[in-house]
Amino acid sequence: MNAPHTLFPQVPPSSTGPAMGQSHIHESARAQVAGAAHYIDDLPEVKGTLYAAPILSTVAHGRLNGVDARAALALSGVRGVVLAADVPGDKLLAAFAHDEPVFAVDTVQHMGQVVGLVVADSVMQARRAARAVQLDITPLPAVLSVQAALKTESYVLPPVFVRRGDAAAGLTQAPHRLQGAFEVGGQEHFYLEGQIAYAVPQEQNQWSIHSSTQHPGEVQHWVAHALGINNHAVRVECRRMGGGFGGKETQAGHLAVWAAVAAHKFGRPVKLRLDRDEDFMVTGKRHPFAYEYDVGFDETGRITGLKLQMAANCGFSADLSGPVADRAVFHADNAYYLSDVEIASYRCKTNTQSHTAFRGFGGPQGVIVIEAILGDIARTLGLDAQDVRLANLYGKDASEGRNVTHYQMTVEDNILHALLPQLEQTSRYRQRQADIAAWNAQSPVLKRGLAITPVKFGISFTATLFNQAGALVHVYTDGSVQVNHGGTEMGQGLHTKVAQIVADELGVPLARVLVTASDTSKVPNASATAASSGTDLNGRAAQYAARHVRDNLAAFVCGLDGCGAGAIRFAGGQVISPKTVRNFDAVVKDAYANRIQLWSDGFYRTPKIHYDKATLTGRPFYYFSYGAACTEVVIDTFTGENRVLAVDILHDVGHSINPAIDIGQIEGGFVQGMGWLTTEQLVWNDKGYLATHAPSTYKIPATGDIPAHFKVDLWPEANREDNVGGSKAVGEPPFMLAISVYEALRNAVAAGRGGVDAAAQVVLTAPATAENVLRALGRLVD
């Protein structure tokens, strides 16, 4: 693979210079490579620990008449079962919509729903016994598709409608008009560490919960709610996760509650870890979406009117489907100004797993529809899709009158007018288009496609209250620094970046800063590590905490030297005043002797944002992250197989805190998005059974799928908003760069049709499996 970027240092990062802006290695990389980094299943177990396994529904929808556990209880090592009647608190989870039971009570709502647990002396004893439990279920009609849910008005939440201008007039007056429909599938999170929780009873009805979770505060709340106790009696800790991708934002809470209820019943610690098949069957996925659109446009491809219907398959309960579908609405414009638009968003209830957060959180499902529409417009007019995209971009500034979104937020920082042409030039897009057209003309079987697609992604939680964070910074008498913040580490490098920020604030080497496990007893009420906001929120809170300590030390030193506190500098492990230079460690020791506070808290809340949930209008985002990708693909028109040949990315991360980590996030996000759109297919049969529930049937991208040419460049401009270090969020936006793969595939399919058909709409259901490519080519009919 090509060296991705020139910002990778040729020498190790400086141990005395600023930490921010340098490619320091991940704080636990060496421990992970050596197998010394602890995950929950690696923790020493308390004496008397029991193990739980779930009892799963075998019916998609039915009346639960009874549970016969006699055969299970007769097996060796089995201690008992845990059912809904054993929940001491609320029988419903403390989820936003309060619509999901802890364990199934009177009905089952999807195949794989957890009816209860078997608890035993070992993991395998519990799993064998769980399979021996007999469920008495009377089947009921099941809703298994978005189309069936729309027909019966089966919704987990009411539909939402957003309108701007006069879409009907924009359509009727348009020189050209086009209608279409297509679908995109869901996606399994496939984190390396599966869902797991370990509940340990403490004295006086207090609890310690180890949870692989992106949201320890919510796990704390959910466990307390289910046990009928106060939040302060529950401590949740998470040192790291082996991946999350959104799948551990809410649904890690289920396992913690189940383990805690079992531990409460038996008075013993209980560990619950789902195996991979169970994880597939129990947990939710990225929301599958179905679209219908009616678009009007002029001769240049500029959209004059759009009516769009987006129907999200939410599964059997609301979970986070409301904000996911909202974000899809917010991102249905992507980078483009829609003057007259109507969007209808349906949140469909089906008898499948309750779908949940996934990297991008509805953004990818919004972005892909407008990109597909623009691709269809370009083919209809015989124009290059890049020109159609450029014609529809938001304006550079307010003077153009094209910089207000359909939800009434002003786009103030649009860099795509410069970024897109730069990528077009560096990727040799125009020349390659001509070369591909010539190649396709002489290649009867293999057809290539090329596409550039941009991304404009809003950064902040759309639920405004979550845009806050806290942190603690402790400076010990030897000058070492410990940081604790409300974010969680799932491999994305959050702890590394926070340590870099704190090191620079105190002017100490990065090696002197240690970030400790996320812990609800240290930073309370922390928001989930999600919405790409982990560094923005927690990094700034930690910076403020470190600044308080630094200011205390500066005041102490200025008193010694008779100067203003503003004249004191902290750099290179030294405290520098106009009169003298002191070692940081010595200053700390002297400050302690003089009873100066050496620890502090920090709190940050995102400024400027406001959002009316009733009307879906306001400024839900602090800023936008931008980027674009140019992707080349090839398809085999006989077999439907496809391959990504080359990728060029130009992405906006502001002033990068850690370029190596950011580039890794861009690469990983792109490849994960590529998997969503090419190989990762979820298949439920007509009984509601998830047939693709293991690595043998569900295919994530592997090393052989990485294109030989994979180049990532970073846009050099700092964040125009006052964000920590001038940086921008990087976790989710790159995922949507992979939509260029989908558009390139559709261009290849159009070339495969040839002649008049090349200008027709290309209906390619995602993921673009061999079968779906053949269907798009018209060579496979269901």
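Preceding this section is the structure that the text describes.
Residues numbered from 1 in each chain as written. Predicted model: local features only at pLDDT ≥ 70, side-chain atom pairs only at ≥ 80, totals over all residues. Heavy atoms only, no water.

A.B. asks: Describe the overall build of the chain, with residues and values.
C.D. replies: A tally of regular secondary structure across the chain gives 19 helices and 29 strands. Here the C-alpha atoms of the chain give a radius of gyration of 27 Å, agreeing with the 28 Å that 2.2 N^0.38 yields for 782 residues. If one aligns the C-alpha atoms of the chain with their principal axes, the spans along those axes are about 85 × 75 × 45 Å. Per-residue burial for the chain yields a buried fraction of 61% across its 782 residues. Once the 65 positive and 75 negative side-chain charges of the chain are each reduced to a mean point, those two points are 3 Å apart. (Helix = DSSP H or I, 4+ residues; strand = E, 2+ residues; numbered from the N terminus. Rg over C-alpha atoms; globule rule 2.2 N^0.38 Å. Buried < 20%, exposed > 50% of the residue type's maximum accessible area, 1.4 Å probe, protein only. Lys, Arg positive; Asp, Glu negative; His and termini not counted. Charge placed at Lys NZ, Arg CZ, Asp CG, Glu CD.)

A.B. asks: Give me the pairing of strand β5 (residues 114–120): which residues, what numbers.
C.D. replies: Across the 7 residues of β5, 7 count as buried, placing the element largely inside the fold. Two elements, strand β1 (residues 50–56) and β5, share 6 bridges in a ladder whose sense is antiparallel. Opposite Pro54, over in β5, you have Leu117 as the bridge partner. Pairing between strand β3 (residues 78–82) and β5: 4 bridges, direction antiparallel. Within β5, the residue paired with Val82 across the bridge is Leu117. (Pairing = 2+ DSSP bridges.)

A.B. asks: Requested: an account of the nonpolar core, with residues and values cited.
C.D. replies: Residues Leu306, Met310, Val502 and Phe670 are the most contacted members of the largest nonpolar core, which totals 150 residues. With 11 residues, the single largest contributor to this core is helix α15 (residues 534–561). Beyond its immediate stretch of four places on either side in the chain, Phe670 contacts Ala629, Thr631, Val647, Ile649, Phe710, Pro734, Phe735, Leu737, Ala738, Ser740 and Val741. Ranked by size, the runner-up nonpolar core spans 40 residues in total, among them Val87, Leu117, Val119 and Ala224. (Core = buried A, V, L, I, M, F, W, Y, C linked by side-chain atoms within 4.5 Å. Contact = heavy atoms within 4.5 Å.)

A.B. asks: Quick one: what's the story with the packing of aromatic side chains, residue by residue and with numbers?
C.D. replies: According to the stated counting rule, one finds 21 aromatic pairs in the structure shown. Ring geometry for Tyr544 versus Tyr604: centroids 6.1 Å apart, planes at 70 degrees, classification edge-to-face. With Tyr544 in helix α15 and Tyr604 in strand β24 (residues 599–605), this pair connects stretches of sequence that are 60 residues apart. Take Tyr544: its relative accessible area is 23%, and that puts it in the partly exposed class. Joined through ring pairs, the aromatic side chains of Phe330, Tyr407, Tyr611, Phe621, Phe624 and Tyr626 make up one cluster. For Arg240, the ring lying beneath its charged end belongs to Tyr39, and the centroid distance is 5.8 Å. Arg286 extends its terminal NZ or CZ atom over the ring of Trp676, reaching a point 5.2 Å from the ring centre. (Phe/Tyr/Trp six-rings, centres within 6.5 Å; stacked < 30°, edge-to-face > 60°. Lys NZ or Arg CZ within 6 Å of the ring centre and 35° of its normal.)

A.B. asks: Tell me about the packing of helix α17 (residues 659–678) against helix α18 (residues 739–753), and please be specific about residues and values.
C.D. replies: The contact between α17 and α18 brings their axes to 8 Å, and the two run at 40 degrees. As judged from the angle between their axes, α17 and α18 are oblique. Two secondary-structure elements touch here, α17 through Phe670, Met674, Leu677 and Thr678 and α18 through Ile739, Ser740, Val741, Tyr742 and Leu745. (Axes fitted to C-alpha atoms, helices over the stretch in contact; angles between N-to-C directions. Parallel < 35°, antiparallel > 145°, perpendicular 65-115°, else oblique.)

A.B. asks: Which residues make up helix α19 (residues 770–777), and what values go with them?
C.D. replies: All of the buried residues along α19 are Asn772, Val773, Leu774, Ala776 and Leu777. Among the structural elements, β27 (623–636), β28 (642–652) and α18 are those in contact with the buried residues of α19. At the exit of α19 stands Gly778, carrying a positive phi of roughly 80 degrees.

A.B. asks: Can you break down empty space enclosed by the protein residue by residue, with the values?
C.D. replies: Overall, the coordinates contain 6 cavities of 30 Å³ or more when judged by the stated rule. Counted as a void, the largest cavity has a volume near 160 Å³. Lining the largest cavity we find 16 residues, and of these Glu100, His254, Trp258, Val282 and Phe316 sit closest to its centre. Among the elements that take part in the lining of the largest cavity, helix α7 (residues 252–266) stands out by supplying 3 residues, more than any other. (1 Å grid on protein atoms, 1.4 Å probe; cavity = no way out; pocket = protein on both sides within 12 Å on 5 of 7 lines; lining within 4 Å. Points joined across faces, edges and corners; volume = space filled by probe spheres on them.)

A.B. asks: Can you explain the side chain of Gln187? Please cite residues and give values.
C.D. replies: Structurally, Gln187 can be placed in the loop between β8 (176–184) and β9 (196–201). In this structure the side chain of Gln187 is engaged in a polar contact, spanning 3.1 Å, whose partner is the backbone oxygen of Gln672. In terms of polar contacts, Gln187 uses its side chain to reach the side chain of Glu680, at 3.2 Å. (Polar contact = N/O pair within 3.5 Å; in protein donor to acceptor, adjacent residues only side chain to side chain.)

A.B. asks: Go over the pattern of salt bridges with me, naming the residues and quoting the values.
C.D. replies: For the coordinates displayed, the defined rule picks out 39 salt bridges. Glu27 is the partner of Arg239 in a salt bridge, and the nearest nitrogen-oxygen pair spans 2.9 Å. One end of the pair, Arg239, is in the loop between β11 (234–238) and α7; the other, Glu27, is in the segment before α1 (29–33), and 212 residues separate them in sequence. Glu27 sits in the partly exposed class, given a relative accessible area of 33%. (Salt bridge = Lys/Arg side-chain N within 4 Å of Asp/Glu carboxyl O.)

A.B. asks: For the sheet that holds strand β14 (residues 303–313), give the residues involved together with the corresponding values.
C.D. replies: If you walk across this open sheet you meet the 5 strands as β7-β15-β14-β13-β8, and the pairing is mixed. Only two strands of the sheet have a single partner each, and these edge strands are β7 (155–164) and β8. Averaged over all pairs of adjacent strands, the angle between strand axes in this sheet comes to 5 degrees, irrespective of strand direction. Taken together, the 9 bridges between strand β13 (residues 289–297) and β14 define a ladder with antiparallel strand orientation. Bridging from a neighbouring strand, Phe289 pairs with Ala312 of β14. Taken strand by strand, helix α9 (residues 321–330) contacts β7, β13, β14 and β15 (341–348), and its axis lies near 160 degrees from that of β15.

A.B. asks: Give a description of the environment of Leu777 that names residues and reports values.
C.D. replies: Structurally, Leu777 can be placed in helix α19. Separated by 24 residues in the primary sequence, Leu777 and Arg753 have C-alpha atoms spaced 6.1 Å apart. Leave out the neighbours within four places in its chain, and Leu777 touches Ile635, Thr637, Val749, Gly752 and Arg753.

A.B. asks: Break down the sheet that holds β27 for me, with residues and values.
C.D. replies: Here 4 strands make up an open sheet; going across it, the order is β16-β27-β28-β29 and the pairing mixed. Edge positions in the sheet fall to β16 (446–459) and β29 (709–715), since each has one partner strand and no second. Strand-to-strand, the axes of this sheet are offset by a mean angle of 15 degrees, without reference to chain direction. Here β28 runs beside β29; their pairing, made up of 7 bridges, is parallel. Each bridged residue has a counterpart across the sheet, and for Asp648 the counterpart in β29 is Lys711.

A.B. asks: So what about the environment of Gly669? Which residues, and what values?
C.D. replies: Within the secondary structure, Gly669 is located in helix α17. Separated by 107 residues in the primary sequence, Gly669 and Gly562 have C-alpha atoms spaced 53 Å apart. Once you skip the residues sitting within four places of it in the chain, Gly669 turns out to touch Arg359, Pro734 and Phe735.

A.B. asks: Now, about the packing of α15 against helix α16 (residues 584–593): what can you tell me, with residues and values included?
C.D. replies: Their axes nearest at 10 Å, the elements α15 and α16 cross at an angle of 85 degrees. It follows from the interaxial angle that α15 and α16 lie roughly perpendicular. Residue-level contacts link Leu553, Phe556 and Val557 of α15 to Phe584, Val587, Val588, Asp590 and Ala591 of α16. Counted by class, the contact of α15 with α16 contains 7 nonpolar, no polar and 1 charged residues. (Nonpolar A, V, L, I, M, F, W, Y, C, P; charged D, E, K, R; others polar.)

A.B. asks: Let's hear about α16: which residues, and what values?
C.D. replies: Turning to α16, its buried residues number three or more, namely Phe584, Val587, Val588 and Ala591. The arc that holds every buried residue of α16, seen down its axis, measures 100 degrees, which confines them to one face. Opposite the packed face of α16, turned more than 90 degrees from it, sit the exposed residues Lys589 and Ala593. Contacts from the buried residues of α16 go to β17 (468–475), α14 (494–506), α15, β21 (569–571), β22 (574–576) and β23 (581–583). The positive-phi residue at the C-terminal boundary of α16 is Arg595, with phi of around 60 degrees. (Arc of directions from axis to C-beta.)

A.B. asks: Residue-level account of the environment of Asp298, with values.
C.D. replies: On the secondary structure map, Asp298 appears in the loop between β13 and β14. We classify Asp298 as buried; its relative accessible area is 19%. Distance in space between the C-alpha atoms of Asp298 and His176 is 6.0 Å, their sequence separation being 122 residues. The contacts of Asp298, once residues within four sequence positions are left out, are Pro175, His176, Thr304 and Leu381. Within the structure, Asp298 has its side chain in polar contact with the side chain of Thr300 (distance 2.7 Å).

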